[in-house]
Amino acid sequence: PRYRYNCAVRPKGDIRIYGLHHQLEELGLEGDCYTKRVPLSLFTATKAEVRAFLRGYFTGDGCLTHNPKRGWVIKAHSAREPLLRDIQTLLWRLDIQSSLHPVTSRTRWGVFPGFLLTISRHEDIEGFLQQIGFLDKRPKPILSSSTKAREQEHLVKQSLFIGNKPVYDLVV
């Protein structure tokens, strides 16, 4: 069947799509923020289909942030734990490890309990960006061996320049 969609861009920049809910329900994507789950069909889907679903999910509900102390982190927030457990299971199929934590969100409407899924290990972020990524053009973190060295700068006791090359005196 054909569906008609009406799209409206609101003043704050968010986009509302009307008329899509019937098609989403047919795909198993139904419920509100308290009841929605990953469709069962995705647990037996191909890896390409899982990657496509996760790419859309993280583009809409995820973010990529940088913490000066911890480095890069990929996050997704949900009001309910079961949805994020489903997302975590799909990530495991792609050999990407993640953590799940209860959090409290403070908004102008009140305080709400929720859950936060985080991908924080260097290898897992790299795997996520290579296999899944985001649909939009988010800044890509520089993840290389030099990044690992920068994360271990607290181990450097002194840095001296002799000629054009730095020499490090490490305390082990």
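Please refer to the structure higher up on the page.
Predicted, not measured: the structure shown is a model, and the values here were computed from it. (Residues numbered from 1 in each chain as written. Predicted model: local features only at pLDDT ≥ 70, side-chain atom pairs only at ≥ 80, totals over all residues. Heavy atoms only, no water.)

Moving on to the pairing of strand S3 (residues 62-67). On any regular strand, side chains alternate: one points to one face of the sheet, the next to the other face. Judged from the six bridges that link them, S3 and strand S4 (residues 71-78) form a sheet pairing that is antiparallel. If you follow Gly62 over to S4, its bridge partner there is Ala76. Two successive antiparallel strands, S3 and S4, enclose a turn made up of three residues. (Pairing = 2+ DSSP bridges. Helix = DSSP H or I, 4+ residues; strand = E, 2+ residues; numbered from the N terminus.)

What follows is about the pattern of salt bridges. Side-chain pairs of opposite charge can arise where the charged atoms are in close proximity. In this structure the tally under the stated criterion is five salt bridges. Between Arg121 and Glu123 there is a salt bridge, with its nearest N and O atoms 3.4 Å apart. For Arg121, a relative accessible area of 45% puts it in the partly exposed group. Of the charged contacts in the structure, one is a salt bridge between Asp124 and Arg121, with a shortest N-O distance of 2.9 Å. (Salt bridge = Lys/Arg side-chain N within 4 Å of Asp/Glu carboxyl O. Buried < 20%, exposed > 50% of the residue type's maximum accessible area, 1.4 Å probe, protein only.)

Here we take up the sheet that holds strand S6 (residues 110-119). The strand order across the open sheet built from four strands is S3-S4-S6-S5, with neighbouring strands paired in antiparallel fashion. Every interior strand has two partners, whereas the edge strands, S3 and strand S5 (99-107), have only one. On average, each strand axis in the sheet is tilted by 40 degrees relative to the strand beside it, whichever way the strands run. Summarising the sheet, S4 and S6 pair through five bridges and their orientation is antiparallel. By the bridge assignment, Ala76 is partnered in S6 with Leu117. Together, S3, S4 and S6 form the strand contacts of helix H2 (residues 47-61), whose direction differs from that of S4 by roughly 90 degrees. Its contacts with the sheet put helix H3 (residues 81-93) on S4, S5 and S6, and the angle it makes with S6 is roughly 10 degrees. (Axes fitted to C-alpha atoms, helices over the stretch in contact; angles between N-to-C directions. Contact = heavy atoms within 4.5 Å.)

All right, on to helix H4 (residues 122-131) then. Given 3.6 residues to a turn, an α-helix orients residues that are three or four positions apart in the same direction. The set of residues buried in H4 consists of His122, Asp124, Ile125, Gly127 and Phe128. Following H4 by one or two positions, Gly133 has its phi on the positive side, about 70 degrees.

Moving on, we come to the packing of aromatic side chains. To describe a pair of aromatic rings, one takes the distance between the centres and the angle between the planes. Considering all chains together, one arrives at three aromatic pairs under this definition. Aromatic pair Tyr57 and Phe58: ring centres 5.6 Å apart, planes at 90 degrees, arrangement edge-to-face. According to the relative accessible area criterion, Phe58 is buried, its value standing at 0%. Between Phe58 and Phe128, the ring centres sit 5.0 Å apart and the planes meet at 75 degrees, which makes this aromatic pair edge-to-face. Of this pair, Phe58 sits in helix H2 while Phe128 sits in helix H4, and the two are 70 residues apart along the sequence. Like Phe58, the residue Phe128 is buried in the burial classification. The rings of Tyr57, Phe58, Phe128 and Phe134 are connected pair by pair, giving a single aromatic cluster. (Phe/Tyr/Trp six-rings, centres within 6.5 Å; stacked < 30°, edge-to-face > 60°.)

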